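# Summary of structural features
Here is what each chain is made of, one letter per residue.
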Amino acid sequence: MEYKNETEAFAAFNAKIKEIRTQVSRVIVGQDEVIKDLLISIFGNGHCLLVGVPGLAKTLMVNTLSKILGLSFSRIQFTPDLMPSDIIGMEILDESRKFRFMQGPVFANIILADEINRTPPKTQSALLEAMQEKSVTVASQTYRLQEPFFVLATQNPIEQEGTYPLPEAQLDRFMLNVLLDYPDFDDEIAIVKGTTGNELNEVEAVTHREEILYFQKLLRRMPVADNVYRFAVNLVSSTRPGTSKAHAWADNYLSWGAGPRASQYLIIGAKVNAAINGKYSPDIEDVVAVAYSVLRHRIVKNYKAEAEGISVEDIITEMLK
């Protein structure tokens with residue numbers, strides 16, 4: 001990727017995002033905000049937690065995105081009997097009676113961890129370690145995962161029986177928490193028309209891993225004004241009950257607030273959001289655009305909020321005023 005200057009590189013990124021979205025729209029109808037959040041996670045070098053009922057094309061969405069981005073894809077269906085070795089791989093005895101490492105499905109660029117709350121913490125932690133370290137260790141040997149490495153974990157919000165909810169410390173490793181809702185009426189008609197006939201649309205790769213890694217580094221170099229940094233940190237500080245900067249709603253309705261990682265992801269998400277919209281530096285509007293997805297899984301409501309029917313979104317909205 002040879003560009004004369006960073007202005008030209010940012011213009012190329014913006015054009016590439018438009019190409020990606022055009023390709024996605026050939027297979028996925030609607031869900032524009034969800035697609036945008038997935039792209040923010042990927043180009044922000046983070047991971048994403050997707051919460052939605054079954055049957056909303058989560059697997060198709062991620063598989064389609066991996067083809068368009070020219071990346072390898074693995075889907076792991078989490079079940080109560082899944083073991084860590086089923087994810088990261090194991091040592092096997094080969095024909096020459098020597099141990100060799102057989103890679104698990106985590107050795108791909110994009111991982112769909114389907115229903116991550118269905119498996120015990122021991123297995124969850126195997127994937128979460130890979131997310132954090134970008135490597136796995138088996139029999140004292142460390143194996144690096146190829147970058148970019150992006151995990152999209154899904155949780156079913158309906159059935160909670162027999163599940164193992166992710167602890168807050170592990171939820172914090174996900175850059176964004178994205179809510180996937182039902183399509184609207186017209187979109188659902190378009191979905192049914194497009195998926196019940198003989199012809200299914202195909203997509204083609206419009207980028208590759210080297211270009212994605214280049215854009216990830218480019219976005220990190222994007223300049224940010226001090227007032228944007230202050231806004232992001234102030235917003236996160238206002239979620240912490242019992243502190244000097246706590247918002248009145250935090251003291252009333254939260255038992256736990258967001259940590260410094262939320263501030264980092266607000267800025268990274270704002271940078272990518274700005275670049276997607278053709279800007280060369282993020283402003284407060286870009287921080288607000290990613291605030292719900294960044295904070296949603298990092299603040300914990302107390303019993304009073306539950307009793308009064310106040311949602312996490314209500315609390316974030318009040319803090320953004």
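Below or above, wherever it landed, is the structure these notes cover. For clarity, every value in this text was computed on a predicted model and none was experimentally measured.

Criteria and cut-off values
- Residues numbered from 1 in each chain as written.
- Predicted model: local features only at pLDDT ≥ 70, side-chain atom pairs only at ≥ 80, totals over all residues.
- Heavy atoms only, no water.
- Salt bridge = Lys/Arg side-chain N within 4 Å of Asp/Glu carboxyl O.
- Buried < 20%, exposed > 50% of the residue type's maximum accessible area, 1.4 Å probe, protein only.
- Helix = DSSP H or I, 4+ residues; strand = E, 2+ residues; numbered from the N terminus.
- Polar contact = N/O pair within 3.5 Å; in protein donor to acceptor, adjacent residues only side chain to side chain.
- Contact = heavy atoms within 4.5 Å.
- Expected span 1.5 Å × (residues − 1).
- Phe/Tyr/Trp six-rings, centres within 6.5 Å; stacked < 30°, edge-to-face > 60°.
- Pairing = 2+ DSSP bridges.
- Axes fitted to C-alpha atoms, helices over the stretch in contact; angles between N-to-C directions.

Within this structure, the stated rule accounts for 16 salt bridges. Close ionic contact of R118 with E115 constitutes a salt bridge, the shortest N to O distance being 3.6 Å. What makes R118 buried here is its relative accessible area of 15%. With a shortest N-O distance of 3.4 Å, R209 and E210 are connected by a salt bridge.

Another aspect to go through is the side chain of H297. Mapped onto the elements of the fold, H297 is located in the loop between α12 (284-295) and β11 (300-301). Polar contacts involving the side chain of H297 include one to the main-chain carbonyl oxygen of F174, which spans 2.9 Å. In this view, H297 contacts L171, F174, M175, L176 and N177; residues no more than four positions away in its chain are not counted.

It is worth spelling out the environment of G89 at this point. Locating G89 in the fold gives a position in strand β3 (residues 89-93). A relative accessible area of 6% places G89 in the buried class. Separated by 68 residues in the primary sequence, G89 and R21 place their C-alpha atoms 34 Å from one another. Not counting residues within four places of it along the chain, the set of residues in contact with G89 comprises P84, F101, M102, Q103, G104 and V138.

We now examine helix α11 (residues 260-276). Here α11 contains 17 residues, and its C-alpha end-to-end distance of 25 Å stays within 8% of the 24 Å for a straight helix at 1.5 Å per residue. Just past α11, the residue G278 takes up positive phi, approximately 80°.

The end-to-end C-alpha distance of helix α5 (residues 121-133), which contains 13 residues, comes to 18 Å, matching closely the 18 Å that a straight helix rising 1.5 Å per residue would cover. Here α5 has its buried residues at T123, Q124, A126, L127, L128, A130 and M131. Note on α5: the residue one or two positions beyond its end, K134, has a positive phi of about 55°.

This next bit is on the packing of aromatic side chains. A full pass over the atoms with the stated rule returns six aromatic pairs. Between F13 and F43, the aromatic rings sit 5.1 Å apart at their centres with planes inclined by 80°, giving edge-to-face as the arrangement. Taken together, the positions of F13 in helix α1 (residues 6-24) and F43 in helix α2 (residues 32-43) put the pair 30 residues apart, joining distant regions of the chain. Pairing W249 with Y253 gives two aromatic rings, centres 5.2 Å apart and planes at 70°, and the pair type is edge-to-face. Separated by four residues within a single helix, W249 and Y253 lie in helix α10 (residues 248-253), roughly one turn from each other.

Turning our eyes to something else, we now look at the sheet that holds strand β9 (residues 176-179). The pairing of strands in a sheet comes from backbone hydrogen bonds and takes either a parallel or an antiparallel form. Spatial strand order, β2-β5-β8-β1-β9: five strands in an open sheet with parallel pairing. Each end of this open sheet is capped by a strand with a single partner; those strands are β2 (73-77) and β9. The sheet shows a mean angle of 20° between the axes of neighbouring strands, direction not considered. Two strands pair when backbone bridges link them, and strand β1 (residues 48-51) and strand β8 (residues 150-155) are joined in this way by four bridges, in the parallel orientation. Among the inter-strand pairings, L50 is bridged to a residue of β8, identified as T154. Against the sheet, α2 engages β1, β5 (110-114), β8 and β9, with an angle of about 165° to β9.

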